[in-house]
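# Working through the structure, step by step
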Amino acid sequence: MPFNIETAFISDEDGDWLAANHARVGRSFTTYCPTCRKKDDCTYRWRGEAHQCNCRRQLKLHQHYLLAGIGVPYQRLDWEDYAGGDAKLTDLIDYIDGRDRYVDRGIGLILTGGFGLGKTMLANLALKEFVKSGYNCFGTTFAQTIDMYTSGWYDLEQKQRFQRRFLHSDVLLLDDVGKEMRASKTNSLPPATFDNILRSRVQAGRATLITTNMSLKELGEGYGAAVLSLLTESSLLLEFNGEDFRPQSRERTQQELERGETRPIF
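Structure report, in brief. (Residues numbered from 1 in each chain as written. Predicted model: local features only at pLDDT ≥ 70, side-chain atom pairs only at ≥ 80, totals over all residues. Heavy atoms only, no water.)

## Describing the packing of aromatic side chains
Aromatic rings considered in pairs are described by the distance between their centres and by the relative angle of their planes. The cut-off we apply is this: Under the pairing criterion, centres of Phe, Tyr and Trp rings, with the six-membered ring standing for Trp, must be within 6.5 Å; the plane angle then separates stacked pairs below 30 degrees from edge-to-face pairs above 60, leaving the rest tilted. Every helix listed is a DSSP run of H or I at least four residues long, and every strand listed is a run of E at least two residues long, numbered separately from the N terminus. In this scheme, a residue with accessible area under 20% of its type's maximum is buried, one over 50% is exposed, and one in between is partly exposed, where area comes from a 1.4 Å probe on protein chains only.
This structure, assessed with the given rule, holds eight aromatic pairs. Where phenylalanine 142 meets tyrosine 223, the ring centres are 6.3 Å apart and the plane angle is 75°; that geometry is what we call edge-to-face. Of this pair, phenylalanine 142 sits in helix α6 (residues 142-151) while tyrosine 223 sits in helix α10 (residues 216-223), and the two are 81 residues apart along the sequence. Looking at tyrosine 223, the relative accessible area reads 6%, which means it is buried. These aromatic residues form a ring-pair network of at least three members: Tyr95, Tyr102, Phe130 and Tyr135.

Right, dumping it as structure tokens:
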């Protein structure tokens, strides 16, 4: 049967994690909804119209996105919110539509370019599509990856969680790779961790999505030639350029708040 996010199973382990970290979302959709907030008529206003809320779907999407490390702001963004060039959007959608040719063969993506060009947003939108298709996904910043990796040195449960999320997920998103290198150029842990994760995933045929403000040359200088070789052999490259559209996004959010609108989870 085709995968259906509304009936997708959540393991006991993941259920325990949700209960410990997001207590409200463990409730039934009959008592809690992240969008309509269970108002009497179960409606929300969006784009100038009242919509009947599908509380079951909204809560299930919310739960599975949280488990995949997708933050709430990105949960409520859609492809129409991207204000960059159509070419990169088309390339990314082609990658998603061709997941049986790319993801299932372990081919990932590198999204590189300046600040505020939508790399993180698009990577999270892609991850959402994979979650809705039934892939086991996880996304986080690379700085947080280092924290989780080192916490597993002394905690078996953390070590197992790291392996399950970072090494064994079908699709892994590492956001803002290189930021931790700029913060500490003398620390050898980030390159070693990056190499370990990439090498394990490439050998297992698992796709990795990477966003970075560094060029390929800078990635090679920061993480080593071996890591750069792994990346280029197992990834497609999307290079972004243009103007920072974060001010435009802030203005859009302010207008929605002034209109009393609620974004659904997409």
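Additional details are given in the paragraphs that follow.
## Structural notes on the environment of glycine 242
Summarising the element assignment, glycine 242 is placed in the loop between β7 (235-240) and α12 (246-258). When its relative accessible area of 62% is taken as the criterion, glycine 242 is described as exposed. Separated by 157 residues in the primary sequence, glycine 242 and glycine 85 place their C-alpha atoms 8.5 Å from one another.

## With respect to the sheet that holds β7
Threshold: The criterion for strand pairing is that DSSP finds at least two bridges linking the strands in question. Lines fitted to C-alpha atoms define the axes here, with helix axes fitted over just the stretch in contact, and angles between the N-to-C directions of these axes take values from 0 to 180 degrees. Pairs of residues are marked as contacts when any of their non-hydrogen atoms sit within 4.5 Å.
The strand order across the open sheet formed by five strands is β4-β5-β6-β3-β7, and the pairing between neighbours is parallel. Edge positions in the sheet fall to β4 (137-141) and β7, since each of these pairs with one other strand and no more. For this sheet, the mean angle separating the axes of adjacent strands, direction not counted, is 10°. Contacts from α6 reach β4 and β5 (171-177) within the one sheet, and its direction differs from that of β4 by about 105°.

## Some remarks on helix α11 (residues 225-234)
It helps to recall that an α-helix has 3.6 residues per turn; residues three or four apart then point in one direction. Note the following rule: Note that the arc is defined by the directions from the helix axis to the C-beta atoms.
Every buried residue of α11 is listed here: Val227, Leu230, Leu231 and Ser234. Seen end-on, α11 carries its buried residues on one side only, within an arc spanning 95°. Among the exposed residues of α11, those pointing more than 90 degrees away from its buried face are Ala225 and Glu233.

## What to know about unusual backbone geometry
Most of the time, phi is negative for any residue but glycine, and the peptide bond is trans. A positive phi angle is found at arginine 47, which is not glycine, with a value near 55°. Within the secondary structure layout, arginine 47 lies in the loop between β1 (43-46) and β2 (49-52). Despite not being glycine, aspartate 176 shows a phi value in the positive range, around 60°. The topology assignment puts aspartate 176 in strand β5.

## Overview of the pairing of strand β6 (residues 207-212)
With six of six residues buried, β6 is to be regarded as a mostly interior element. Judged by which residues are buried, β6 turns out to be covered on both faces: Ala207, Leu209 and Thr211 on one side and Thr208, Ile210 and Thr212 on the other are all buried. Where strand β3 (residues 108-113) and β6 come together, four bridges link them in parallel fashion. If you follow isoleucine 110 over to β6, its bridge partner there is isoleucine 210. In this structure, β5 lies alongside β6, joined through five bridges in parallel fashion. Looking across to β6, one finds that leucine 173 is bridged to leucine 209.

## Some thoughts on the packing of helix α4 (residues 86-97) against helix α5 (residues 119-132)
Here is the rule: Each angle gets one of four labels, with under 35 degrees taken as roughly parallel, over 145 as roughly antiparallel, 65 to 115 as roughly perpendicular, and the rest as oblique. It is the rotation of the near helix from the far one that decides the hand of a crossing: anticlockwise by less than a right angle makes it left-handed, clockwise makes it right-handed. Under this grouping Gly is polar, as are all residues other than the nonpolar Ala, Val, Leu, Ile, Met, Phe, Trp, Tyr, Cys and Pro and the charged Asp, Glu, Lys and Arg.
Where α4 meets α5, the closest approach of the two axes is 10 Å, and the angle between their N-to-C directions is 25°. In terms of orientation, α4 and α5 fall into the roughly parallel class. As α4 packs across α5, the resulting crossing turns out to be right-handed. Residues Leu89, Leu92, Tyr95 and Ile96 of α4 pack against Leu122, Ala126, Glu129 and Phe130 of α5. Here the contact of α4 with α5 is composed, by residue class, of seven nonpolar, no polar and one charged.

## Section: the nonpolar core
Condition: Among buried residues, the Ala, Val, Leu, Ile, Met, Phe, Trp, Tyr and Cys ones that are joined through side-chain atoms within 4.5 Å form a nonpolar core.
Leu92, Leu122, Phe130, Cys137, Val171 and Leu209 are the most contacted members of the largest nonpolar core, which totals 34 residues. Of all elements in the fold, only α2 (55-67), α4, β3, α5, β5, β6 and β7 reach the threshold of two or more residues within this core. Examining the composition of this core, we find that eight residues originate from one element, α5, more than from any other. With near-sequence residues (within four places) excluded, cysteine 137 lies in contact with Leu67, Ala68, Leu127, Phe130, Val131, Arg165, Ser169 and Val171. Residues Phe142, Phe166, Phe194 and Leu198 belong to the second largest nonpolar core, which totals 21 residues.

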